[in-house]
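Structural characterization, general
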Amino acid sequence: AQKITQTQPGMFVQEKEAVTLDCTYDTSDPSYGLFWYKQPSSGEMIFLIYQGSYDQQNATEGRYSLNFQKARKSANLVISASQLGDSAMYFCAMRRNTGRRALTFGSGTRLQVQP
Amino acid sequence: DGGITQSPKYLFRKEGQNVTLSCEQNLNHDAMYWYRQDPGQGLRLIYYSQIVNDFQKGDIAEGYSVSREKKESFPLTVTSAQKNPTAFYLCASSRDHRSPTTDTQYFGPGTRLTVL
């Protein structure tokens with residue numbers, strides 16, 4: 001079974017500063033994918049970034065980067081130069097690459113960006 | 001524009017009634033998924049379908065049913081057997097379940113169901 005743990009229920013960050021949202025995972029599968037999604041107050045889940053378990057380099061997408069430490073089973077999201085529009089819930093998720101391909105989600109972190 | 005649509009956005013149901021939530025995608029994606037989200041929690045998988053005319057139970061399938069007669073559509077019926085159906089329901093799709101790198105799931109805007 002897979003499990004995602006997000007230990008930070010809420011985080012505050014000042015506008016223009018960087019913030020790290022923590023995610024640890026547990027799986028016995030050798031091949032898997034890790035995802036981060038943003039959920040604003042409207043409710044829609046917005047895909048941010050993807051990291052494959054065999055990827056050698058950390059994924060980056062604009063202001064988002066994923067700090068992937070496979071041995072520690074962590075996949076932390078780093079948001080650089082925070083903006084007020086970054087205030088939202090952030091979910092870490094994992095997907096197996098064989099068999100059932102649905103996502104397993106963590107409980108989320110609420111990020112609030114302060115001016 | 002391509003995307004995933006869910007309707008209605010808000011739905012109210014009396015106890016004992018069945019209700020069907022719509023999910024349509026025009027992305028030509030093979031796989032579709034239904035998730036449930038309760039307040040302050042992450043998403044949990046209800047049902048998924050990797051190909052037309054085939055679907056599988058997720059972790060919390062009891063009290064729900066689905067069909068996948070067309071590639072574009074994956075409706076979810078919440079039956080009277082679902083004991084606590086009030087929740088936010090999200091539909092997702094992904095292009096190719098056979099390829100890890102192209103299997104990113106994209107979500108619709110969701111339907112908020114309230115049982116009165």
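Source: prediction; values computed, not measured.

Let's shift gears to the interface of chain A and chain B. Each partner contributes to the interface: chain A provides 20 residues, whereas chain B provides 25 residues. When chain A packs against chain B, the two sides together hide about 1,700 Å² of surface, and 52% of this comes from carbon and sulfur. It is Arg100, Arg101 and Phe105 of chain A in chain A that bury the most area against chain B; as a group they hold 33% of the surface buried on that side. Linking chain A with chain B are zero salt bridges, by the criterion used here.

To continue, consider the pairing of strand S5 (residues 32-39) of chain A. Residues and elements named next belong to chain A. Of all the eight residues making up S5, eight are buried; the element is thus mostly covered by neighbouring parts of the structure. Residues of S5 alternate between two faces, with Tyr32, Leu34, Trp36 and Lys38 on one and Gly33, Phe35, Tyr37 and Gln39 on the opposite face, all of them buried. Relative to strand S10 (residues 88-96), S5 runs antiparallel, the two being bridged by eight bridges. Within S10, the position partnered with Gly33 by the bridge is Arg95. Bridge count for S5 against strand S6 (residues 46-52) is six bridges, and the pairing is antiparallel. Within the sheet, the bridge partner assigned to Gly33 lies in S6 and is Gly52. Where S5 folds back on S6, the antiparallel hairpin that results is connected by six residues, among which Gly43 adopts a positive phi of roughly 105 degrees.

This part covers the state of the cysteines. For the coordinates displayed, the defined rule picks out two disulfides over all chains. Here Cys23 of chain A connects covalently by a disulfide to Cys92 of chain A, the sulfurs 2.0 Å from one another. The sign of the -65 degrees torsion about the S-S bond sets the Cys23 of chain A-Cys92 of chain A disulfide as left-handed. Of this pair, Cys23 of chain A sits in the loop between strand S3 (19-21) and strand S4 (24-26) while Cys92 of chain A sits in strand S10, placing them 69 residues apart in sequence. In this model, Cys23 of chain B is linked to Cys91 of chain B through a disulfide, with the two sulfur atoms separated by 1.8 Å. In this structure, the disulfide formed by Cys23 of chain B and Cys91 of chain B twists by about -70 degrees around the S-S bond and is classed as left-handed. Of this pair, Cys23 of chain B sits in strand S3 (residues 19-25) while Cys91 of chain B is found in strand S9 (residues 87-94), placing the two residues 68 residues apart along the sequence.

Thresholds, definitions, all that
- Residues numbered from 1 in each chain as written.
- Chains lettered and ligands numbered in written order.
- Predicted model: local features only at pLDDT ≥ 70, side-chain atom pairs only at ≥ 80, totals over all residues.
- Heavy atoms only, no water.
- Contact = heavy atoms within 4.5 Å.
- Buried area = accessible area lost by both parts, 1.4 Å probe.
- Salt bridge = Lys/Arg side-chain N within 4 Å of Asp/Glu carboxyl O.
- Buried < 20%, exposed > 50% of the residue type's maximum accessible area, 1.4 Å probe, protein only.
- Helix = DSSP H or I, 4+ residues; strand = E, 2+ residues; numbered from the N terminus.
- Pairing = 2+ DSSP bridges.
- Disulfide = S-S within 2.5 Å.

Take it as geometry only, folks, not as evidence of what the structure does.
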